[in-house]
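Structural description and commentary
What follows is the residue order along each chain.
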Amino acid sequence: MSASTRLTRPALRAQLLAARERFAASAEVSAATEAIARELRQVIDRLEPECLGLYWAMRSEFNAASLWIDDKGDTTFPLALPFARREARQMHYRLWDGQAPRLKDECGIATSDGAEVVPDVVLVPCVGFTASGYRLGYGGGYFDRWLAAHPHVTAVGVAWSVGLVADADFTPEPHDQPLACVVTERGVA
Ligand SMILES: Nc1nc2c(c(=O)[nH]1)N(C=O)[C@@H](CNc1ccc(C(=O)N[C@@H](CCC(=O)O)C(=O)O)cc1)CN2
Ligand SMILES: Nc1ncnc2c1ncn2[C@@H]1O[C@H](COP(=O)(O)OP(=O)(O)OP(=O)(O)O)[C@@H](O)[C@H]1O
């Protein structure tokens, strides 16, 4: 796509969300779920987090927290889930014991009632991503704000490969926080 036909962020977001819904409803998603889980485990093993920030899926995201739910004690580091506040458009992480969440945050996403923590590695769900690690989310700016306030945290994007956007089709803005890498069912980009 040439610069003159580049989509606005809302239009690109809508297009990517539609493609993701189609992918999640396709026969491919089951093998892709196994593959992304395998890739993510490898990346996390290599990063050796002291505390890992996950997320509970909304819409057709891969559910990163499902990898650790009812973890049978192999995980040596604490886990945490985001708690998003709607009005302030801010989020923080809360320790999570790996049990099925009973609480929802102000955005209606399953979360934890544990103590507030700052993970050193976080998994960041993407609606879209570029090869250079820029991310498009739902447009709330929650992760950008949290990452700007915690610049030493390693941010690992998580997306289905249908979320890949050519660098030429995405103009990063000053507030966009680049990810260390993006994990998809096709590997690590
Ligand atoms: N799983 C997950 N958790 C996350 C994010 C994310 O992208 N994925 N966020 C990344 O920023 C923050 C929350 N961002 C949100 C952005 C938009 C809406 C939203 O549009 N909500 C709709 C209802 C959604 C639905 O139920 O399908 C609404 O309020 O009308 C919700 C949360 C923090 N937690
Ligand atoms: N560090 C920040 N401080 C203040 N506002 C910010 C910051 N980062 C992002 N924003 C604001 O948040 C809004 C949404 O940004 P953007 O479109 O990049 O969201 P997104 O990354 O898609 O959303 P999300 O992280 O919630 O999935 C923008 O209007 C932007 O100005």
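In every chain, residue numbers begin from 1 and rise along the written sequence. Whichever chain is written first is A, and whichever ligand is written first is 1; the rest continue in order. Only residues with pLDDT of 70 or above have their local features reported here, since the model is predicted, and side-chain atom pairs are shown and tallied only from 80 upward, although totals for entire chains, interfaces and linings are computed over all residues. Excluding hydrogens and water, the side-chain figures rest on all heavy atoms present in the structure.

As for the pairing of strand E2 (residues 79-85)
Formally: The rule is simple: take the accessible area with a 1.4 Å probe, protein chains only, and divide by the maximum for that residue type; under 20% is buried, over 50% is exposed, in between is partly exposed. By the criteria applied, helices consist of DSSP H or I runs no shorter than four residues and strands consist of E runs no shorter than two, each listed in order from the N terminus. Pairing between strands is defined by DSSP: at least two bridges between them are needed.
Along E2, six of the seven residues are buried, which leaves the element largely enclosed by surrounding structure. Two strands pair when backbone bridges link them, and strand E1 (residues 52-53) and E2 are joined in this way by two bridges, in the parallel orientation. Within E2, the position partnered with Gly53 by the bridge is Ala80. With seven bridges connecting them, E2 and strand E3 (residues 90-96) associate as antiparallel partners. Bridged to Pro82 within E3 is Tyr93. Where E2 folds back on E3, the antiparallel hairpin that results is connected by four residues, among which Arg89 adopts a positive phi of roughly 50°.

Here we look at helix H1 (residues 9-24)
We count it as follows: Multiplying one less than the number of residues by 1.5 Å gives the expected span of a helix. Arc definition: directions from the helix axis to the C-beta atoms. Pairs of residues are marked as contacts when any of their non-hydrogen atoms sit within 4.5 Å.
In this model, H1 (16 residues) spans 22 Å end to end at C-alpha, consistent with the 22 Å of a helix rising 1.5 Å per residue. Considered for burial, the residues of H1 that qualify are Arg9, Leu12, Arg13, Leu16, Leu17, Ala19, Arg20 and Phe23. Down the axis of H1, the sector holding all buried residues measures 165°, keeping them to one side. Of the residues in H1, the exposed ones pointing more than 90 degrees away from the buried face are Pro10 and Arg22. Contact partners of the buried residues in H1: helix H2 (29-47), strand E8 (128-129) and strand E9 (135-136).

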